[in-house]
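Remarks on the overall topology
So you can see what is in the structure, the chains are spelled out below.
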Amino acid sequence: MKIGILISGRGSNMLAIVKAVQSGLIPDSKVAVVISDKINAEGLLKAKERKIETLVVGKNGRAREEHDAEIVEELKKRGVELICLAGYMRLLSKEFVRAFPNKIINIHPSLLPAFKGLDAQRQAIDYGVKVSGCTVHFVDEALDHGAIIAQKTVAVIDDDTAETLAARILEHEHALYVQAVRQIAAGEIEIVGRRVVSVKN
Ligand code: GRF
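What counts, and where the lines are drawn
Residues numbered from 1 in each chain as written. Predicted model: local features only at pLDDT ≥ 70, side-chain atom pairs only at ≥ 80, totals over all residues. Heavy atoms only, no water. Axes fitted to C-alpha atoms, helices over the stretch in contact; angles between N-to-C directions. Helix = DSSP H or I, 4+ residues; strand = E, 2+ residues; numbered from the N terminus. Parallel < 35°, antiparallel > 145°, perpendicular 65-115°, else oblique. Left-handed = near helix turned anticlockwise from the far one by under 90°. Contact = heavy atoms within 4.5 Å. Salt bridge = Lys/Arg side-chain N within 4 Å of Asp/Glu carboxyl O. Buried < 20%, exposed > 50% of the residue type's maximum accessible area, 1.4 Å probe, protein only. Domains from an automatic or database assignment. Buried area = accessible area lost by both parts, 1.4 Å probe.

Time to look at the packing of helix H5 (residues 120-127) against helix H6 (residues 162-185). Between H5 and H6, the shortest axis-to-axis distance is 9 Å and the interhelical angle comes to 120 degrees. Of the possible angle classes, the one that applies to H5 and H6 is oblique. Considering the relative orientation of H5 and H6, their crossing is right-handed. Across from Gln121, Arg122, Ala124 and Ile125 in H5, the residues of H6 making contact are Ala162, Glu163, Leu165, Ala166 and Ile169.

Written as structure tokens, this is what we have:
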């Protein structure tokens, strides 16, 4: 399975996926390209160190559709079959989502459908929940809305700040994201309506 990863920043989830592919934990797969919309994304360097092709597709004042069309073209050119959003900070246009139906996944640092959008860990602290976590889900045309592949709960403790909670959730994100990509690569899951279930043999 050819994987494309989209990032905007640090790229720790991207690196976790790259390492899992390169170590064979995610079977029969290759990370074909890492694309960033930001030229200074830290993750670009991490991908290069792992000998992964990187590409910067900047927005350069263009409309979302035009920017996305260029990314779609680059992904198609490389035969990418699964796109992992990993801290990619832009919403995808419907054209992008429709170009890869059920082939785009994302990781979000909350238990969806709670705390969609930006600063999910801060939202969790401000709301006062005792449990939060992370979610890997398919991407559809609505924000943080597609079918849920996997979730992991993380306790919120009294002393937590948005930063300490984010750090604790992040430790679990890497394993959860790798596990979800592995299941997809191995053909272990399918989407039935809004539910993602194990394929029964
Ligand atoms: C993670 O918390 C992820 O859940 C969210 O953005 C952050 C990206 O971190 N979507 P990194 O770039 O993977 O280190």
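We now examine the pattern of salt bridges. One pass over the structure, following the stated rule, counts eleven salt bridges. For the salt bridge of Glu74 with Arg78, the shortest nitrogen-to-oxygen distance reads 2.8 Å. Here Glu74 matches Arg78 in class, with each residue buried. Residue Asp126 is joined to Arg122 by a salt bridge in which the shortest nitrogen-to-oxygen separation is 3.8 Å. Highlighted residues: Asp126 and Arg122, both in helix H5, separated by four residues, approximately one helical turn. Take Asp126: its relative accessible area is 56%, and that puts it in the exposed class. Via salt bridges that share partners, Glu53, Glu74, Lys77 and Arg78 belong to a single interconnected network.

This part covers the domain arrangement of the chain. Its domain assignment divides the chain into domain 1 (1-100) and domain 2 (107-201). Placing the centre of domain 1 and that of domain 2 at their C-alpha centroids yields a distance of 19 Å. Across the boundary between the two partners, domain 1 contributes 22 residues, which contact 15 residues of domain 2. Both sides of the domain 1 and domain 2 interface together cover about 1,500 Å² of buried area, and 75% of this is carbon and sulfur. Of all residues in domain 1, Asn13, Leu85 and Val97 give up the largest surface area on contact with domain 2, accounting jointly for 28% of the area buried on that side. Along the contact surface separating domain 1 from domain 2 lie one salt bridge. Taking the shortest distance from any N to any O, the salt bridge between Glu141 and Arg98 comes out at 2.8 Å. Within the residue set of the side of domain 1 that touches domain 2, elements represented by two or more residues are helix H1 (12-22), strand S4 (82-85) and helix H4 (94-99).

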